[in-house]
Structure formats: C-alpha cells, structure tokens
Amino acid sequence: MQLTDRIRQVKIFLVVAAVLIAVASLVVSHVLVHDLSIEERNKMGVWAEAIRSFNAADENTDLGLVLKVMDENNTIPVVVLDSDQNAQIFRNVSLTGTNYEDSLRQAASLGKLWKKEGQFIQIEVGDGEHTDYQYVCYDDSVMIKRLSKWPYVQLGIVMIFVVVAIFALLTSKRAEQNKVWVGLSKETAHQLGTPISSLMAWTEILKETYPDDDLLPEMEKDVKRLQLIADRFSKIGSLPEPVPSSLNEVMDHVIDYMDRRTSSKVKMVKDFPDHDVVVSINASLFEWVIENLSKNAVDAMGADGGTITLHVEDHEQLAVIEVSDTGKGIRKKDVHNVFKPGFTTKKRGWGLGLSLAKRIVEEYHTGKIFVKNSELGKGTTFRIELEK
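It should be emphasised that the depicted structure is a prediction, and the values quoted were computed from it without experimental measurement.

Here the focus is the sheet that holds strand β9 (residues 318–325). In space, the five strands of this open sheet follow the order β6-β8-β9-β11-β10, with mixed pairing throughout. With partners counted over all chains shown, the strands left at the sheet margins are β6 (266–271) and β10 (368–375), one partner each. With direction set aside, neighbouring strand axes in the sheet form an average angle of 15°. Alignment of β10 against strand β11 (residues 379–387), held across seven bridges, turns out to be antiparallel. In the sheet register, V371 faces β11, and the bridge partner there is F382. Packed onto the sheet, helix α6 (residues 247–259) meets β6, β8 (306–314) and β9 and runs at close to 170° relative to β6.

And the structure:
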C-alpha cells in the first residue's frame, strides 16, 4: 500500500508541476503580450500622426521624416480607411486580389473588422472649414500572435512530457515487479519440489506400514495440494496452454477445498447452469484465481462469517463468473486500486493475490476481471468474463 501511495504522490507531483509551469507561462506571456500591445499602439499613434502630416503637407513641407516613419513599419498590419470606409492605404497585409481594386476591397474589409474590434486611431484631415476623418486600423503583429499562442504550445509539450514520464514510471515499475514475481514464483516452486518429493515417499511408506489408517488419505490429499501449488508457481512467467475445461468442475473443486478449510459460519453457495459451461482455460491457474477471490471474501467477512456465492452464466460468446460475499465491502476510493501490486487492507497482506489473479485472467486467458459492485457493510462482487 505504501508503494501505491508513493506512485500516486509522484503522479500528483508531476501533474501539479505541469499546472504550475503552464500557469506561470500563461501569466508571463499575458504580461509580455500586454506590454507589446501598448508599444504597438504607441507606434501606430506615431504612424497615424505621420499620415496626418502627410495629408496636410504642402510644397514647402519636408516629408523626409514622415516618409521614414511610414516606411519603418514592417511588422504591424495596417489599413487606412476614409470616412466612407474605403481603403486608402494598406501595409503589411496579405491580400489575394487579382488587381489593385480587388486588393483595396479586401483591405477595406480587414480595416472594418479591426475598426469594429476597437483597434483603430482616428485622425482629422482637411482644413477647418472642410474637416474630414480617416481611420488608421491595425492588427496585432506576427510576433504578438505567435507569443499569444506559445503558452498553449508549451502547455501541450509539458502535458506530453508528464504523460510520458508517468507512463515510463508505471512501465518501469511493472517490469521490475514482473521480474520479481517470476523469479520468486519459480524459486518457490523449485524450493517446494524437494520436500514434496520426500513427503510423497514418506506417505507411501506410511500407507504400507499403516494401511488401515484413516488419516493417510487426507495426508495424501494435502501432499497433492502442495504439488498443485508448486505447479502453479512454476507456470508464472510463461504462457500456459489453455485446454477446453468445465467451469462447473473448476468451481466445484474450489467449493470442496474451501468447505474443508473454512469456518462453519461461512456458507458456500453455488449458482450454476444445469449444463456444463466449457471454456478454454488452464484449470490449475484458474482455480487459483477463484480460490484467491474466495479467500479474500472469507477475510472480508471476518469471524462472524457470512455467505459466499459463486455464480456462473453461459452466454453465446461469453462465460461469466461472479464471486460475491457479504463482507465489509471496499471503499470507493480503493476500488480502482485493489488489483495494483502492493495494495492491501490486511495487516499481514502482501497485496499480490488480486494482482496475480488479474494477470492470470487478462494475460493468460485474455479475459476481464473487475469489481462489479461493492458497498460498505454489505459486501463485494467480483466479475470475470471469458471469451468462449
């Protein structure tokens, strides 16, 4: 559970860092864009004054400075409209007109749009008796437009980085855990091999010495059970070959095993179809899954006991198994974590049982396993779906 919490903390840290970077970028960009917009408006004020001076010039006026100011604007799109909304001058504007008249009409449309958006400066032209007005309409420069879009590009890059980092973290953790599980499982199977062989030999000797002893058959069952457990561990890490098997028989084996090893307060109820439900599975590993779910159900019900219901449904393309209990249930915030390695609510649990069950169902049998429903104080239902 501590490992799960650490991974969650790392993910939260990465997301928070990404949000802070994005917010900081947006704030800085907004300030820069605002300052540049004010500077460009001031430049347009100077440019509008140059236009006014140009319009008011006579043969004695020196237009050198005026023309220089007008020519130095190479970045800000600008269109000068007369009082009738016709374009008089345009600069730094991309137009597609086939001739000058078409270009003027397109420029007038852009000027009207910018004027409507409030990006214009009004200037007076003419003498005192015949005063007229022109409108210097302008748009943001390419630099401001790029700077306005950059934070969103940066945000996308940061989010991609966070997603890749989280994916790499989870993949690395999963790969490391897989190696540990496979190595531990095979080593466990290897270590169990020698004492099991010895127990089998001693059982045979005891059967010859005490042929009428009633306890020997039970001892032999337990030795075979140890063999089965060792066989299961040896198959972890390799793809077992599934064969057509009866789900009814698999579930009956689990019920028989659990009945003899659990409290009399725990009632096992089976709800199977009248006919055999046959699916391609590795019966040994799949029994392990159902046993694991049943044992978790027993733990969830505690000393007071309760009912475990094993339900099987047979559909045309699907076989469904549900294991339900009347235990304490799972908290909503933990439902999505129950299959994660290391997550457990038990004081002495390792948090590997359900993780291994998920791997056996989904990787070895291409099925699905999930918590169908759970309610605190009322119980939990796990659902397994297998393709036929």
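This part is about the pairing of strand β1 (residues 78–81). Side chains V78 and V80 project from β1 onto one buried face, and the interleaved V79 and L81 project onto a second face that is buried too. When β1 meets strand β2 (residues 87–91), the two strands line up antiparallel, connected through four bridges. Among the inter-strand pairings, L81 is bridged to a residue of β2, identified as A87. Sheet analysis places β1 next to strand β4 (residues 132–138), joined by four bridges and oriented antiparallel.

In this section: the nonpolar core. Formed by 42 residues in total, the largest nonpolar core has its most connected members in L247, F286, I308 and I384. With nine residues, the top contributor of residues to this core is helix α7 (residues 283–301). Ranked by size, the runner-up nonpolar core spans 14 residues in total, among them M44, M70, I123 and V136.

What follows covers the pattern of salt bridges. The tally for this structure, following the rule as stated, stands at 16 salt bridges. Residue K372 is joined to E322 by a salt bridge in which the shortest nitrogen-to-oxygen separation is 2.9 Å. In this pair, K372 is assigned in strand β10 and E322 in strand β9, connecting sequence segments 50 residues apart. The class for K372 is partly exposed, based on a relative accessible area of 42%. Salt bridges linked by common partners bring E322, K372, R383 and E385 together as one network.

Calculation notes
Residues numbered from 1 in each chain as written. Predicted model: local features only at pLDDT ≥ 70, side-chain atom pairs only at ≥ 80, totals over all residues. Heavy atoms only, no water. Pairing = 2+ DSSP bridges. Helix = DSSP H or I, 4+ residues; strand = E, 2+ residues; numbered from the N terminus. Axes fitted to C-alpha atoms, helices over the stretch in contact; angles between N-to-C directions. Contact = heavy atoms within 4.5 Å. Buried < 20%, exposed > 50% of the residue type's maximum accessible area, 1.4 Å probe, protein only. Core = buried A, V, L, I, M, F, W, Y, C linked by side-chain atoms within 4.5 Å. Salt bridge = Lys/Arg side-chain N within 4 Å of Asp/Glu carboxyl O.

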